[in-house]
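# Remarks on the overall topology
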Amino acid sequence: MVEFGKLNKALKLPTNPKELLEGLPFNIGEQWSGKTIRNKDMYVEFGGPRVKAAAELIEFNEEDKNLEDGKIELWGPDIDEIDEGASYSFIETIMLSGLNLDKITPAILEGIISHFHDFIEGVMHLNMRNLIWIRIHKSIAKKGIRIEHLARALMGQLKANFPQIEKIEIKFLIDSAQNPNKTLRILKDDCFYIWEQRNIEALELNDDEVDKFYGCTGCKYYCPNHACIITPNNYGTCGVINWKDADISYKLSPKQYFFEIPKGDILNNLYGSYSGINQKISKFTSKTVERINLYSAIKDPQTSCRYFEALIFQIPEVDALGIADYYYKGETPLEINFSTVNKIYNRTNQSPGYRGIALTTFRDKKFMQGDGGWKRIVWMNKNLKERIAKWIPDELKDKIATEENALSAKKLIEFIDTQDHPLKKEYWNGTTWNLK
Ligand code: SF4
């Protein structure tokens with residue numbers, strides 16, 4: 001981990017959960033989760049759409065004998081040293097050690113730590129990893145909340161819920177919203193590297209090699225009728241939880257966030273339809289969702305909750321698919337901006353033609369194969385296209401439009417025509433665009 005720069009504070013907190021959670025200027029509990037803090041009520045925000053970079057990273061460090069239990073370090077201003085209403089880039093790294101940590105995974109804890117922030121009265125926490133968005137309510141700022149209290153709440157909840165954690169250290173970096181050089185460097189050099197190492201290992205497996213899948217209800221606090229289906233080819237939509245994480249976590253604590261899904265019969269290999277998934281998804285979503293196709297955004301797609309890294313949306317005029325990443329704010333070829341697309345997408349219910357996905361989905365060999373796979377993708381926002389460029393088949397790289405090429409169906413058809421997109425062969429008869 002690179003150094004953060006000039007240290008503002010270093011504190012040694014108590015080490016037992018009871019003492020950590022005593023005397024805090026807020027309450028903690030599930031009843032505080034899922035709240036929204038509006039702009040007018042916000043004292044400060046860390047991460048979110050107004051800043052250039054943010055991340056929460058959890059690492060296990062069993063080798064490091066120097067890990068000092070209860071230590072926190074803060075780079076940048078504390079909450080009482082900032083201007084009301086400000087936004088900051090933000091990094092929070094949590095280092096853990098303990099003899100039995102192999103029974104959980106850092107990714108699982110990165111998912112759970114999101115809830116542990118959100119359980120704090122007056123703290124809103126959305127998303128995970130580099131998409132996090134934390135807001136602190138004015139009422140809690142008035143009661144004197146500091147970074148130390150946030151750290152106590154996180155350490156206390158972690159230790160109370162995971163007794164195998166022996167030592168915790170937390171580092172916070174609070175950085176400029178628009179020129180967060182340190183934050184960007186840590187994000188690129190450390191966080192993305194570490195997350196990618198975890199992906200490489202997990203992506204060695206594929207759906208045909210395992211006899212069971214898992215469902216995740218980790219977001220039940222916000223979306224009671226949503227469950228992600230986790231298979232080797234299909235990460236949870238947040239991009240954090242893979243099949244190996246779910247497997248380890250389920251064996252450790254079968255009643256917590258995951259449920260087991262025996263595959264059952266393969267109903268349709270191309271679409272990734274399994275009787276086992278349909279039975280379980282119906283049960284865990286109170287029959288809101290009865291069928292899921294793992295490899296389709298158009299027919300019986302998986303639902304998503306508040307967390308997804310990118311959204312696939314159907315473009316009816318060309319009967320094809322566009323994709324934008326979570327933070328894209330611009331226009332789309334649907335001739336509405338992406339925030340509106342996002343609102344139209346009914347996340348908890350199944351919305352054929354829309355599907356939230358993790359970024360790892362792009363490297364899946366079965367990527368939306370029920371819909372025609374990569375050949376059906378005609379548009380992506382530029383940032384997303386650049387970020388996942390190495391996973392786009394070479395022959396399609398120039399044929400997928402971005403906001404720089406097409407922001408209407410008419411322009412998209414022209415682009416498809418001039419770039420000889422494979423869809424052209426299917427729909428263009430030389431004079432008109434024939435949709436099936
Ligand atoms: S987005 Fe899905 S996989 Fe991620 S925590 Fe929520 S339910 Fe679990």
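Residues numbered from 1 in each chain as written. Predicted model: local features only at pLDDT ≥ 70, side-chain atom pairs only at ≥ 80, totals over all residues. Heavy atoms only, no water.

### Quick look at the environment of Asn 269
By secondary structure assignment, the location of Asn 269 is in the loop between β12 (266–268) and β13 (273–274). The partly exposed category is assigned to Asn 269, whose relative accessible area is 47%. Leave out the neighbours within four places in its chain, and Asn 269 touches Tyr 295 and Gln 369. (Helix = DSSP H or I, 4+ residues; strand = E, 2+ residues; numbered from the N terminus. Buried < 20%, exposed > 50% of the residue type's maximum accessible area, 1.4 Å probe, protein only. Contact = heavy atoms within 4.5 Å.)

### Considerations on the pairing of strand β2 (residues 42–47)
β2 sits mainly inside the fold: six of its six residues count as buried. Pairing of β2 with strand β7 (residues 133–137) involves five bridges; the strand directions are antiparallel. What sits directly across from Glu 45, in β7, is Arg 135. Of the strand pairs in this sheet, β2 and strand β5 (residues 86–97) are connected by three bridges, and their pairing is parallel. Note on β5: the bridge partner recorded for Val 44 is Ala 86. (Pairing = 2+ DSSP bridges.)

### Things to note about the sheet that holds strand β15 (residues 320–325)
Within a beta sheet, neighbouring strands are joined by backbone hydrogen bonds and run either parallel or antiparallel to one another. Taking strand neighbours across the sheet as the criterion, the four strands line up as β16-β14-β15-β17 in an open arrangement whose pairing is mixed. Each end of this open sheet is capped by a strand with a single partner; those strands are β16 (354–357) and β17 (377–380). Strand-to-strand twist of the sheet, defined as the mean angle between neighbouring strand axes without regard to direction, takes the value 25°. Bridge count between strand β14 (residues 310–315) and β15: six bridges; the pairing is antiparallel. Within the sheet, the bridge partner assigned to Ile 312 lies in β15 and is Ile 323. (Axes fitted to C-alpha atoms, helices over the stretch in contact; angles between N-to-C directions.)

### Considering the site of the ligand
Residues in close proximity to the ligand total 13 residues, the closest being Cys 216, Cys 219, Cys 228, Gly 236 and Cys 238. By residue class, the composition of the shell around the ligand is nine nonpolar, four polar and no charged. (Near = heavy atom within 4 Å. Nonpolar A, V, L, I, M, F, W, Y, C, P; charged D, E, K, R; others polar.)

### Here's the deal with the nonpolar core
Core analysis: the biggest nonpolar cluster contains 78 residues, and Leu 158 and Ile 170 have the highest contact counts within it. With seven residues, the single largest contributor to this core is helix α4 (residues 147–161). Mapping this core onto the domain boundaries places at least three of its residues in each of domain 1 (7–202) and domain 2 (203–308). Those residues within four positions of Leu 158 in sequence are excluded, and the remaining contacts are Ile 94, Leu 109, Ile 113, Phe 116, Ile 165 and Ile 168. (Core = buried A, V, L, I, M, F, W, Y, C linked by side-chain atoms within 4.5 Å. Domains from an automatic or database assignment.)

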